Amino acid sequence: MTTTTPTRLLRSRRDGRRARELAGGATPHSAAAPPRRQDRLRRLVRGADDDPNWARPALFALLTLAAVVYGWNLTNSGYANEFYAAAAKSASKDWKAWLFGSLDSSNAITVDKPPASLWVMGLSARIFGFSSFSLLLPQALMGVGTVGLTYGAVRRWSGHAAGLLAGLIVTMTPVAALMFRFDNPDAMLVLLMTAAAYCVVRAIEVSGRDEPTTTRRGRVRSASATALRWMVGAGLLIGFAFLTKMLQGLLVLPGLGLAYLVAARFSLGTRIKHLAAALVSVIVGAGWFVALVAAWPAGARPYIGGSTNNSEWELALGYNGLGRILGGDGNAGGGGGAGGGRFGGTAGLFRMFNSQFAGEISWLLPASLVLLVAGLVARRRAPRTDLVRASLVLWGGWLVVTMLCLSFMKGTVHSYYAVALAPAVAACIAVGGREVFARRSSLLWRVVLGAAICVSGVWSFRVLTTSASGWMPWLKWACAIAAVLGAMTFVAAPAWGARARRVAVTGLVVGVLGGLGGTSAYTFATMASGHNGSMPTAGPAVAGARGGMGSMGSAPGGAQGAPGGSTGSAGSAGSGTTGSSGAAGQAPSGTKPSGTAPSGAAPSSGSSGSASGAASSGGSAASSGSSSEAGASGSTTDTQRSAGSAGAQGGSTSNAALVKLLDATNSQWSAAVIGDQSAAGYILSSDTAVMSIGGWSGSDDNVTLAQFQQYVKNGDITYFIAGGGMGGGPGGNSGSGAQITAWVKAHYKATTVGGVTVYDLTKATS
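Caption draft 1: Focus on the overall build of the protein. Looking only at helices and strands, the protein has 26 helices and 7 strands in total. Each of the 766 residues in the protein was classed as buried or not, and the buried ones make up 60%. Carbon and sulfur atoms make up 62% of the accessible area of the protein, which totals about 27800 Å².

Caption draft 2: Inspection of helix H13 (residues 253-263) at higher detail. Restricting attention to buried positions, one finds in H13 the residues Gly255, Leu256, Gly257, Ala259, Tyr260 and Ala263. On its buried face, H13 is in contact with helix H11 (186-206), helix H12 (223-245), helix H14 (268-295) and helix H18 (387-408).

Caption draft 3: Geometry of the environment of phenylalanine 240. With respect to the helices and strands, the residue phenylalanine 240 is situated in helix H12. C-alpha of phenylalanine 240 to C-alpha of valine 282: the two residues are 42 residues apart in sequence and 8.0 Å apart in space. Among residues more than four places away in sequence, those in contact with phenylalanine 240 are Ala116, Trp119, Leu192, Gly285 and Trp288.

Caption draft 4: Quick peek at the confidence of the model for the protein. Per-chain confidence: the protein averages 80 in pLDDT, with 75% of residues scoring 70 or above. Across residues 335-341, confidence stays below pLDDT 50; counting only partners more than four residues off in sequence or on other chains, it has 16 contacts.

Caption draft 5: Just the pairing of strand E6 (residues 748-753), in detail. Both E6 and strand E7 (residues 756-764) contribute to a ladder of 5 bridges, which runs antiparallel. Counted as the bridge partner of tyrosine 748 is alanine 764 from E7. In sequence, E6 turns back onto E7 through a hairpin of 2 residues, with glycine 754 there showing a positive phi of about 60°.

Caption draft 6: Inspection of unusual backbone geometry at higher detail. Of note in the backbone geometry, asparagine 107 takes a positive phi value of approximately 65° without being a glycine. Residue classification places asparagine 107 among the buried residues on the basis of a relative accessible area of 13%.

Caption draft 7: Quick look at a nonpolar patch on the surface. Residues Leu349, Phe350, Val400, Leu404 and Phe408 make up a contiguous nonpolar surface patch of about 470 Å² in total accessible area. With respect to the secondary-structure elements, leucine 349 resides in the loop between helix H15 (312-326) and helix H16 (358-361).

Caption draft 8: Molecular detail of the packing of aromatic side chains. Enumeration according to the criterion identifies 25 aromatic pairs in this entry. Here phenylalanine 83 and tryptophan 696 contribute two aromatic rings whose centre-to-centre distance is 5.0 Å and whose plane-to-plane angle is 55°, an arrangement assigned as tilted. In this pair, phenylalanine 83 is assigned in helix H5 (residues 82-91) and tryptophan 696 in the loop between strand E4 (690-693) and helix H25 (705-713), connecting sequence segments 613 residues apart. Both residues of the pair, phenylalanine 83 and tryptophan 696, count as buried.

Caption draft 9: Inspection of the packing of helix H8 (residues 132-158) against H18 at higher detail. The N-to-C vectors of H8 and H18 enclose an angle of 150°; their axes lie 9 Å apart at closest approach. Accordingly, the angle class assigned to the pair H8 and H18 is roughly antiparallel. Here Ala153, Val154 and Trp157 of H8 lie close against H18, whose contacting residues are Leu387, Val388, Ala390, Ser391 and Trp395. Within the contact of H8 with H18, the residues separate by chemical class into 7 nonpolar, 1 polar and no charged.

Caption draft 10: View of the nonpolar core. By size, the foremost hydrophobic cluster in this structure holds 176 residues, and its most contacted members are Tyr70, Ile204, Tyr260, Trp395 and Leu421. The leading source of residues in this core is H11, at 16 residues. Among all residues touching leucine 421, those that are not within four sequence positions of it are Met352, Ile361, Leu399, Thr402, Met403 and Leu406. If you look at the next biggest cluster of nonpolar residues, it comprises 19 residues, including Trp669, Ile693, Val703 and Val744.

Caption draft 11: Spatial organisation of the pattern of salt bridges. Enumeration over the complete set of coordinates arrives at 8 salt bridges. Between arginine 379 and aspartate 386 there is a salt bridge, with its nearest N and O atoms 2.6 Å apart. Within the structure, one salt-bridge network assembled from shared partners comprises Arg379, Asp386, Arg434, Glu435 and Arg439.

Caption draft 12: Expanded view of the pairing of strand E3 (residues 669-674). By the criterion of burial, E3 is predominantly enclosed, with 6 of the 6 residues buried. As paired elements, E3 and E4 share 4 bridges and run parallel to each other. Within E4, the position partnered with isoleucine 674 by the bridge is isoleucine 693. The parallel pair E3 and E4, bridged by helix H24 (residues 676-685), forms a crossover whose chirality is right-handed.

Caption draft 13: Fine view of H12. Taking 1.5 Å of rise per residue, the 23 residues of H12 would be expected to cover 33 Å, and the 33 Å separating its terminal C-alpha atoms lies within 8% of that figure. Phi turns positive one or two residues past the end of H12, at methionine 246, with a value near 55°.

Caption draft 14: Looking closely at the packing of H11 against H13. Interaxial distance between H11 and H13 falls to 10 Å at its minimum, and their mutual angle equals 5°. Classified by the angle their axes make, H11 and H13 are roughly parallel. Listed contacts from H13 to Ala196, Ala197, Val200, Ala203 and Ile204 of H11 are Leu256, Ala259, Tyr260 and Ala263. Among the residues making up the contact of H11 with H13, the classes are represented as 9 nonpolar, no polar and no charged.

Caption draft 15: A look at the environment of valine 690. Among the secondary structure elements, valine 690 is positioned in strand E4. For valine 690, a relative accessible area of 0% gives the class buried. As for valine 690 and alanine 679, which are separated by 11 residues in sequence, their C-alpha atoms are 5.8 Å apart.

Caption draft 16: Quick peek at the environment of aspartate 716. Checked against the element boundaries, aspartate 716 lands in the loop between H25 and strand E5 (717-724). Distance from aspartate 716 to leucine 761, taken between C-alpha atoms, is 9.7 Å for residues 45 residues apart in sequence. If sequence neighbours within four positions are ignored, aspartate 716 has contacts with Ser667, Gln668, Trp669 and Tyr711.

Caption draft 17: Structural view of the side chain of threonine 173. When you line up the elements, threonine 173 lands in the loop between helix H9 (160-171) and helix H10 (174-179). Those residues in contact with threonine 173 that lie beyond four places of it in its chain are Glu360, Ile361, Ala422, Thr519 and Thr523.

What counts and what doesn't
- Residues numbered from 1 in each chain as written.
- Predicted model: local features only at pLDDT ≥ 70, side-chain atom pairs only at ≥ 80, totals over all residues.
- Heavy atoms only, no water.
- Helix = DSSP H or I, 4+ residues; strand = E, 2+ residues; numbered from the N terminus.
- Buried < 20%, exposed > 50% of the residue type's maximum accessible area, 1.4 Å probe, protein only.
- Areas by Shrake-Rupley, 256 points an atom, 1.4 Å probe, with all protein chains shown as cover.
- Contact = heavy atoms within 4.5 Å.
- pLDDT = per-residue confidence, 0-100.
- Pairing = 2+ DSSP bridges.
- Patch = residues over 30% accessible without salt bridge, like charges linked within 9 Å, V, L, I, M, F, W, Y side chains within 5 Å.
- Salt bridge = Lys/Arg side-chain N within 4 Å of Asp/Glu carboxyl O.
- Phe/Tyr/Trp six-rings, centres within 6.5 Å; stacked < 30°, edge-to-face > 60°.
- Axes fitted to C-alpha atoms, helices over the stretch in contact; angles between N-to-C directions.
- Parallel < 35°, antiparallel > 145°, perpendicular 65-115°, else oblique.
- Nonpolar A, V, L, I, M, F, W, Y, C, P; charged D, E, K, R; others polar.
- Core = buried A, V, L, I, M, F, W, Y, C linked by side-chain atoms within 4.5 Å.
- Right-handed = clockwise from strand over helix to strand, strands pointing away.
- Expected span 1.5 Å × (residues − 1).

Right under this line is the structure:
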């Protein structure tokens, strides 16, 4: 039996096009001339002339579904992660804060990540006014873009059906629904990596052309030059992925580079030159900002949060680089202990299947690995330039390298990092599944496809049992039974005779629906719930506890306890309510989110993860998530929220007296506080800049005691709000925060404003 490969299909289309051109008196070069604008518009709406009639409507339906999943009731998470929300608000007020990613608009310190994602959110806030909607809208659009690019990359070599399946799987991945509705950098990271993969696909595809192309300006460009441009574009996108989340953006490079090296139709020397050019573009795309920070006078820019020496390069190699992989450099990791670590569980080969990651990404991960290997085996005798095998190398390399890195890294690793696997999982299933399905006349290949479907249904049963046993208990049985029975029918039906073909197809459809049932239901549950804080997790509000932040406390579906104080006048620990209620869509001028102001107390050393131990000095307990002991997810519902920020980590405040006090100042910073989390809550609640001392961990030396004293002498800071820091008491464990706190207490009188201890730095007592 002759199988039409994608390579043959491309050749046949090209030969047919040439024949039509020659019949009409056209030259080969004119064939590559760019279409007119109206032709491009028609192609966009209706697709190519040889596309099936259902292809373009199905694509529009897929993108509409993605838009609904990522955009429906978008503001139900309020400000989501207040740390990045505060930085986005600051970026909307000051261009230097926008450029460097400062937490405050007066540029005391940056967030502990590079600023690329904040550039987008900051611009959105400038255009639409700062609000929950303007903050999260770019994330939702990035999600739709990721789905579209995954579809496009898979469709080019494996057909429309495979592309649609890949896009659907991305959409129905719970961690994708979580992060494309959240203001962490991961949404932009995944979009950029997927766009880079698409560029490499186009570069490999262009390498198979025999004739040059003509640009819109009438210039003739060789296939080599066109491929080089695509590779340089891919490199620049990866460079900006580095500026989004540093070294995690580089994990796709092995898969992308190997695919081009193996499959591009150029000489080995040309391929190596193109890869070298792409690497240079990665360095340029990432390095310009690192060089800018290094060249900018340190006294005229904010301190680089998370670094030990105020260097973007050290941040990349230390805290956000090797520190994440090997531990140390401020990273509290999962490690390899028997009990697992504070983050991500025990490091090892099966981390992606543990209780913290399983509900995020593992639903279809076994099937993707099975079909990846099966697809490579199916194409084992294909020529070097085989496009389908190149696709499997590209997406498989992405999948394996990223999965192994996340599994074995000993530094800080959160379960939502797994969103970086979503496009690769989807593509491996779609491409590998198509190859196996094309060989369905063989019993062996039917068994392989049936096994992939069965393992998805059975593993869904396992995940639903362990992560959300009380939520829709019938669902796990429905998924497992449908997957197993459907797969068995698909495998066995062809042996019953030719008339059983429809039965086999029906069995396949039922099995696929069963395999996708668990991940789809979890995705819609994620979409329906709000998620807050620095450790959001996917799933329904009743999902079982899947880990926390150790002594800081984290409710597993959403928010951690506020280390610098408390939030949420409407909720107490374990209530599942968010801690603020500012109106979604509010402008920065205005209405403050509700919730109790941060108490200023550091968490007790023995905190078990419940919110009840987070507050002191008159503040109520942090309440954006239910307590871990209750096994609630910390997700929030519309009846528990008024639409604004959920004060998860330092908290937006409704302490009217304190907010009024801050807004009445005219100094460069209205107040200073220990730790980014506490500062973020005050920044969101007031219309002032609030200085964070010590950064995220409370241990950054961004402000020395001498500098702080000079700021006070110059009248740059009006108040000092006591407490804050992450763990170990006021001032954090190390750094200048403890010294500054002691100096303030020794020279200024403490007053209480709405239960919060405040020092007026304009009135010294000694």
